[in-house]
Amino acid sequence: MSSIVHWEPESPFLNDVPSAALTEAATSHAQVFASQAESYSPFVTDYEDEIGESGGGPRAERFAALVAELADTEFSEALEDLVNEATAIAEDRYRVSSEANESEMEDSGAEQAVKAYLEPIAQAAESMLEAMAEQLAQVDLPSASNSEVDSLLEQFSMPTHDLSPVADQFLGGVLKKAKKLVKGVASKVTSVMPHAIIMKKLATLVRPLLDRVLKTAIKRLPVSVRPMAQNLAKRFLGAPLGARPAGEASEEEELAAVDPAQLEEEFDSEIAGYAMDGESFENEAAVEHALAEELAPRGNPLRNLARARKRFARRIVTLKPDEPVEPVVEEFVPAVLAALKLGVKIIGRPRVVSALSGLVANFIKRYVGTEQARTLSRPLVDAGLRIVGLETVEEREEDATGYAIGATVEDTVARLVQDAPEAAWESEPLLQSYATEAFQQAASAHFPDSLIKSELHESSNTSGVWVGLPRGSGHKSYQKYSRVLDVTLTPQAVSSATTFGGVSLRAFLADRLGVKIDRQIRARAHLFEALPGTTLGLVALGEKNVALLGTAGRAGRSLLHPLTPEAASAVLGEPGLARHVDQQFLARRGRIAVGQRFYFLDVPGARVRQARRPTLSGMRPARSSQPKIVLDFPQRELRLFLFFSETDAQQVAAQLRKKASPTAVISMLKSLHETIIKRALSTQPSSVVKVIHETAPTENLSIPIAANVMKLAGNKLARKLREWLASVLSRELTQHYDRVAGDFISAASNDADGVTLQITFQAPPLLEQIRRALKGGLAATPGLLSAFGEDTLGSYRLEMRPGFAVK
Amino acid sequence: MQADFLRSLEHWKAATARLADADYVAAPEAWRSLEHYLGVSLRHALNKAVSRVQDSIQQLERELQSSATQRDPAHWQQKLVVVRQLYLRAETTVDFYADCLASRSIPRLAALLRACDHIATRAMAEGLVPMGRQVPAALTYWDKGIGASVIKAGLRLWDGTIDNPVATIKVTRHNLVRCSAIVHEAGHQVMHMLGWVPELAEALRTQVGDATVGALWSAWASEVAADAYAHVHTGYGAAAALHDVLDGANSAVFAIVPGDPHPASFVRVLMALEMCRHTYGDGPWDRLSASWIQKHKVSAAHRDERALFEESARLLPRITQVVLSTPYRAFGNRPLTALIDPQRVSPRSLEQLSRDAGNSAFTSTFWTWNEAIRLLALTSYRAGESPERLRESIRTQEEWMLRLGAQRAAA
């Protein structure tokens, strides 16, 4: 390790002068790594490839089928909206009191406010479900026919209340799920429990669910609740889940905030488990919950980080020339690590933390103190700080420097824990190298280009900085780029850029905003970055002075797009402003990563088009066309859902009204979905592919399985599906044009948003081959690949429904 | 004496505090019915107006409290009067928006007004986006009267210090669902931003071939511009609706009011119908034009003005040519019809729209959202055909505007 004595970090700053103190500090922490390397790794052992070891069997299939049946898009959305509304309430309290010193009161104020919001919802849901249980106790459901069950379910309705529209949707979602539970238990499983008892259990599970909503809103729930759903399912599946293909990133990704979809999965797993095994499952679940509670972090790491930020920002700019910087950094770095899922694994190693703090202290030591603060503050203000801070409290210029240095430290640590491989934590030279790179990137992001070497600039034509908002306090909800960029949207650019779920930006703008980009249009782009705890609802909520944003509602946050390198090139012409993230964070807006960047396009005159929800009350932003492929192993079905946005549906309907040729119609129908199918099956399984498999009962857990399927045969499956789709459309439109056209026009005439076309391929042999391949691993792959060549279009069912009917 | 002034000041302080309270301006439902950003902009503007009064009250209060010597009561009285005046100006601003928002607390009316907001915004966007300009937010409200009106975004309000944050458009009660007038008002905003009116005024003054007629029409340029904007967006529908609004007594139809930017109704209706002839050739406007001339004979005009009306009527093809087909710098050296193609709302195009959309035309969110102006043109066109079609059109129009209002519900 002697070589490190001469190591000097490469500074990202111009006019940098090497410092002797810097190398001394690095040396003093050198042996930390050697001693720790043999005995301790900051990371847990990687998942093993468990394909072939999974449990399976009919019981697992029934469990998976019931969980799949319970999953409901509208409930998911309602739950997500509830989490966002509760978060907005908590945020309001945090913002109002962020300057106050009574931090405990600040936290309890937010908690009390959210509790007060959720309590009447819990009461309404419980009384609704208990009333259902009482009615169910009066009937003999097991011997009832399907139509009798349906007519019974129709009698159940929402209680009257005066709660918010979001709460109303949530209650509607709970009612819908309860009905699905009754039907699911009747058809999917042979339950040991009477329906009424299961319904009573569901009533008792609502409050724990809302408690998790509360904890999510006040940031007290750890970002990863996946093990809970996983552990609850273990009883039925016989083996641990979540095997990811070797080499594919998963644990290294830092989720910014709890994904509300995970709360639903846990809820569904618990009720499905209870429906199947009754009290014995209940006892097991109680133990799992107790364990989870035990393992949850004490205190509130994000609130601690907020306080640490403030202290750091104040102290770092008031250091006297002879005062050491290390103690200030050593106090701050653990708070940053504690707020990161991956950081928690490092924080248990005080000596590594100390070493890391030493490295960071060396990076920043020449930029601290009163004099430096004054020198640095002017360029920061010139970089546009005032623009982004208009709506918040005034902050002293020196404070701006303090927060900028703090943000640089925080970003350096976050980048390091996300990007540095395990080996880097075992070797100081490697860690130094990664830390230097992380610091250069972080400094370039948080300091104006005038202070940064040109080769490190994030952008070529603008000079902004990333600023934590709100300004003037340690409580930061997200970061914003201090410059709003003028961009020119061309048809080519918006066609090549995609937003969440792989939807093209062009389609999104047309469907959601009614903006047709058939010529150049000028717009303004606001850029954002996620911090630990950031949700897109918080970003939208914070942007009070930006048209169409300013609330945490779905409409606002749905206008934020991932700033991928491709989008940054096509839309902004500034690829360096993007941050690459794993594909899983491009699937939906509820699941985003720390450091992930986003953009909002302020298009002149654009407004969000709202559409009626499929079954629940109220409106939601109109959707874009999207396919969904469901590999349902228990049902032996492959279902292809093609949702046509209202825009696309009306254009198809107009062609059909004109009696356009089958070729023209097929071409139009195919073209609207083929690109996404092709792209999704090779790169984005999580957004478009759903796997119902005995080892993957929930959508999140199905992602690794879907990834496995796609890794084995994604391209071939995509080609086969497109081939079958073409065959089905061709056959139907040439043989039954009038009927198909009539059905489509009729569905399009309904005032629901869009049209869903569902093709169910029944028992295609390749599905069985995929199942074998999933169980048999690579040995079964040749059989699977040959099956694609042989499998021809078998029996299928074509259905059309008004609105969004993707399940 | 100073105590008396302080007591008076306390009265205005309390009054100003009420003025600043959003809950005294409009019901919570009314605020909620606005788009979030619109609400923020309005509150910001109102707070700014009220803050100015509060600042002046505080200033005077400090002066009164710190004044060690007795001063001439006239000095304080003068300062108090200034405060009162500031208050009254701020109150006028607040009162105006309070009236605008009042109608938004009735859910059905709020939905219709949101649809009007949408139509106004789309109409402004059609002209401003191609010219690379920002599109201001629109706030429509309903009120009594015959004609619509607009307070343009960016204009100074009554207190003289704050700019109107949104294009505020009055929709009349009688025309709430025959609302092509909104497009006319949106046209005022667009032409203000693009600077067309001075150019058009100059062109009318110099290019219509008669100095007297040219001078007269030049003075009417702002309203002619807005009528032209309504024509390119809604075609015959705009002309038919204008006809119905202006079809009053001859004394009004032939009135030329000095300083009034509105053309005399007689020639204004004829111009709107001539625009249809200019753009689409023969059509139902010819019959309406003949009927108008028959109902309102020029002989009913003041004898001094008859020649002016007759000459204006004769020159209408040329006037229309100047308005619609002459290139202007405001449009990038193109005519208005190149910026917004009126053929999109020709009778043939509207029939095509009706065929393409079928039963979905007035139910699909796609058509009602994206083609709101053409659907307005379609229903307005049909309303111009017969009493039965008018009745049917009003019903249809109200239904789809309610849907459109729901689509634009505040998120």
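Since the structure is predicted, the reported quantities are computational estimates derived from the model, not experimental observations.

The rules we used
- Residues numbered from 1 in each chain as written.
- Chains lettered and ligands numbered in written order.
- Predicted model: local features only at pLDDT ≥ 70, side-chain atom pairs only at ≥ 80, totals over all residues.
- Heavy atoms only, no water.
- Helix = DSSP H or I, 4+ residues; strand = E, 2+ residues; numbered from the N terminus.
- Expected span 1.5 Å × (residues − 1).
- Buried < 20%, exposed > 50% of the residue type's maximum accessible area, 1.4 Å probe, protein only.
- Arc of directions from axis to C-beta.
- Contact = heavy atoms within 4.5 Å.
- Buried area = accessible area lost by both parts, 1.4 Å probe.
- Salt bridge = Lys/Arg side-chain N within 4 Å of Asp/Glu carboxyl O.
- Polar contact = N/O pair within 3.5 Å; in protein donor to acceptor, adjacent residues only side chain to side chain.
- Nonpolar A, V, L, I, M, F, W, Y, C, P; charged D, E, K, R; others polar.
- Phe/Tyr/Trp six-rings, centres within 6.5 Å; stacked < 30°, edge-to-face > 60°.
- Lys NZ or Arg CZ within 6 Å of the ring centre and 35° of its normal.
- Core = buried A, V, L, I, M, F, W, Y, C linked by side-chain atoms within 4.5 Å.
- Pairing = 2+ DSSP bridges.
- Axes fitted to C-alpha atoms, helices over the stretch in contact; angles between N-to-C directions.
- Disulfide = S-S within 2.5 Å.
- pLDDT = per-residue confidence, 0-100.

**Some remarks on helix 11 (residues 279–295) of chain A**
Residue and element names in this part refer to chain A.
Then step 1. With 17 residues, helix 11 should cover 24 Å at 1.5 Å per step; its first-to-last C-alpha distance of 24 Å lies within 8% of that length.
Then step 2. Looking only at helix 11, the buried set comprises Phe281, Ala285 and Glu288. Down the axis, helix 11 shows its buried residues gathered within 60 degrees of arc, on one side only. Exposed positions of helix 11 whose direction lies more than 90 degrees from the buried face are Glu279, Asn283, Val287 and Glu294.

**Thoughts on the interface of chain B and chain A**
Then step 1. Contact with chain B, which involves 33 residues of that partner, is made by 34 residues of chain A.
Then step 2. With both sides pooled, the region where chain B packs onto chain A buries about 2,700 Å², and carbon together with sulfur makes up 55% of that total.
Then step 3. Across the contact surface, chain B and chain A share two salt bridges.
Then step 4. When the shortest N-O distance is used, the salt bridge between Asp356(B) and Lys658(A) registers 3.9 Å.
Then step 5. In this assembly, chain B and chain A are joined by twelve residue pairs in polar contact (both at pLDDT 80 or more).
Then step 6. Among the secondary structure elements, those contributing two or more residues to the side of chain B that touches chain A are helix 4 (36–66), helix 6 (107–128), helix 17 (347–357), helix 18 (365–370) and helix 20 (387–407) of chain B.
Then step 7. The element best represented in the side of chain B that touches chain A is helix 18 of chain B, accounting for five residues.
Then step 8. Taken together, the residues of the side of chain B that touches chain A break down into 13 nonpolar, 13 polar and seven charged.

**Re helix 7 (residues 180–194) of chain B**
All names here are of chain B.
Then step 1. In a regular helix each residue adds 1.5 Å, so 15 residues correspond to 21 Å; helix 7 covers 21 Å between its end C-alpha atoms and thus fits that length.
Then step 2. Burial analysis of helix 7 places twelve of its 15 residues in the buried class, which makes it a mostly covered element.
Then step 3. Of all the positions in helix 7, only Ser180, Ile182, Val183, His184, Glu185, Ala186, Gly187, His188, Gln189, Val190, Met191 and Leu194 are classed as buried.
Then step 4. Backbone geometry just after helix 7 places Gly195 at a positive phi near 75 degrees.

**With respect to the packing of aromatic side chains**
To describe a pair of aromatic rings, one takes the distance between the centres and the angle between the planes.
Then step 1. The tally for this structure, following the rule as stated, stands at 25 aromatic pairs over all chains.
Then step 2. Where Phe75(A) meets Phe267(A), the ring centres are 6.0 Å apart and the plane angle is 5 degrees; that geometry is what we call stacked. Here the residue Phe75(A) occupies a position in helix 4 (residues 73–97), and Phe267(A) occupies one in helix 10 (residues 260–277), the gap between them amounting to 192 residues. Neither residue differs from the other here; Phe75(A) and Phe267(A) are each classed as buried.
Then step 3. Summarising the aromatic geometry, the rings of Tyr328(B) and Phe331(B) are spaced 6.3 Å apart at their centres and angled 85 degrees between planes, so their arrangement reads as edge-to-face. A single burial state applies to Tyr328(B) and to Phe331(B), both of which are buried.
Then step 4. Over the ring of Tyr274(A) we find Lys201(A); its NZ or CZ atom is 5.3 Å from the centre of that ring.
Then step 5. Directly above the ring of Trp142(B) sits Arg173(B), whose terminal nitrogen or CZ lies 4.4 Å from the centroid.

**Some points on the nonpolar core**
Then step 1. One finds Ile364(A), Trp196(B) and Trp217(B) to be the most contacted residues of the largest nonpolar core, which totals 200 residues.
Then step 2. Sorting elements by how many residues they give to this core places helix 6 of chain B first, with eleven residues.
Then step 3. Ignoring sequence-local partners within four residues, the contact set of Ile364(A) consists of Phe312(A), Ile316(A), Val325(A), Val329(A), Ile405(A), Val409(A) and Phe439(A).
Then step 4. Core analysis: the next-biggest nonpolar cluster, separate from the first, contains 70 residues, Leu66(A), Val114(A), Val174(A) and Phe281(A) among them.

**Some points on the sheet that holds strand 1 (residues 138–143) of chain B**
Residues and elements named next belong to chain B.
Then step 1. The mixed open sheet is built from three strands, whose spatial order is 1-3-2. A single partner strand is all that each edge strand has here, and the edge strands are strand 1 and strand 2 (149–151). In this sheet, neighbouring strand axes are inclined to one another by 25 degrees on average, regardless of whether the strands run parallel or antiparallel.
Then step 2. The pairing of strand 2 with strand 3 (residues 167–172) spans three bridges and is antiparallel. Note on strand 3: the bridge partner recorded for Ser149 is Lys170.
Then step 3. In this fold helix 6 packs onto strand 1 and strand 3, with an angle of close to 130 degrees to the strand it touches most, strand 1.

**Section: the pattern of salt bridges**
Then step 1. This structure, assessed with the given rule, holds 61 salt bridges over all chains.
Then step 2. One salt bridge connects Arg620(A) with Glu77(A), and the closest N-O pair in it is separated by 2.8 Å. Of this pair, Arg620(A) sits in strand 8 (residues 619–621) while Glu77(A) sits in helix 4, and the two are 543 residues apart along the sequence. We note that Arg620(A), like Glu77(A), is buried.
Then step 3. The partner of Arg395(B) in a salt bridge is Glu392(B), with the nearest N and O atoms 2.7 Å apart. A residue pair is termed a helical-turn pair when its members lie 3 or 4 positions apart in one helix, as Arg395(B) and Glu392(B) do in helix 20 at three residues.
Then step 4. By relative accessible area, Arg395(B) is classed as partly exposed at 43%.
Then step 5. Here Glu392(B) falls in the partly exposed class, since its relative accessible area comes to 38%.
Then step 6. Through salt bridges with shared partners, a single network forms among Glu77(A), Glu80(A), Asp81(A), Arg554(A), Arg557(A), Arg613(A), Arg620(A) and Arg623(A).

**Thoughts on the state of the cysteines**
Residue and element names in this part refer to chain B.
Then step 1. Under the counting rule described, the total for this entry stands at zero disulfides over all chains.
Then step 2. Looking at the unpaired Cys100, the closest cysteine sulfur is the one in Cys116, lying at 13 Å.
Then step 3. This cysteine, Cys179, is not joined by any disulfide, and Cys116 carries the nearest cysteine sulfur, 4.6 Å off.

**Section: the environment of Val206(A)**
Residues and elements named next belong to chain A.
Then step 1. As for its position among the elements, Val206 is in helix 8 (residues 195–217).
Then step 2. Sequence separation between Val206 and Leu129 is 77 residues, and the spatial gap between their C-alpha atoms is 9.5 Å.
Then step 3. Residue contacts for Val206: discarding those within four places in its chain leaves Ala125, Leu129, Val174 and Phe267.

**Looking at the environment of Glu310(B)**
Then step 1. Tracing the sequence through the fold places Glu310(B) in helix 15 (residues 306–325).
Then step 2. With 43 residues separating them along the chain, Glu310(B) and Val267(B) place their C-alpha atoms 9.1 Å apart.

**Remarks on the sheet that holds strand 13 (residues 796–802) of chain A**
Residues and elements named next belong to chain A.
Then step 1. Spatial ordering of the open sheet is given by 11-9-10-12-13, a layout of five strands whose pairing is mixed. The sheet terminates laterally at strand 11 (689–692) and strand 13, the two strands that pair on one side only. Taking the axes of each pair of neighbouring strands and ignoring which way they run, one obtains an average angle of 15 degrees across the sheet.
Then step 2. Where strand 12 (residues 755–762) meets strand 13, seven bridges bridge the pair, whose relative direction is antiparallel. Bridged to Val755 within strand 13 is Pro802.
Then step 3. In the packing of helix 28 (residues 737–749) onto the sheet, the strands contacted are strand 10 (637–644), strand 12 and strand 13, and the crossing angle to strand 13 comes to about 30 degrees.

**Considerations on the confidence of the model for chain A**
Caution is warranted with low-pLDDT regions, since their predicted coordinates should not be read in detail.
Residue and element names in this part refer to chain A.
Then step 1. Per-residue confidence for chain A gives a mean pLDDT of 81, with 81% of residues at or over 70.
Then step 2. Of all secondary-structure elements in chain A, the lowest mean pLDDT belongs to helix 2 (residues 30–39), at 32, while strand 5 (residues 560–562) reaches the highest, 97.
Then step 3. Note on residues 1–7: pLDDT under 50 across the span, and 19 contacts to partners over four residues away in sequence or across chains.
Then step 4. Here residues 16–54 is a poorly scored stretch, pLDDT under 50, and it has 85 contacts once near neighbours within four places are set aside; other chains count.

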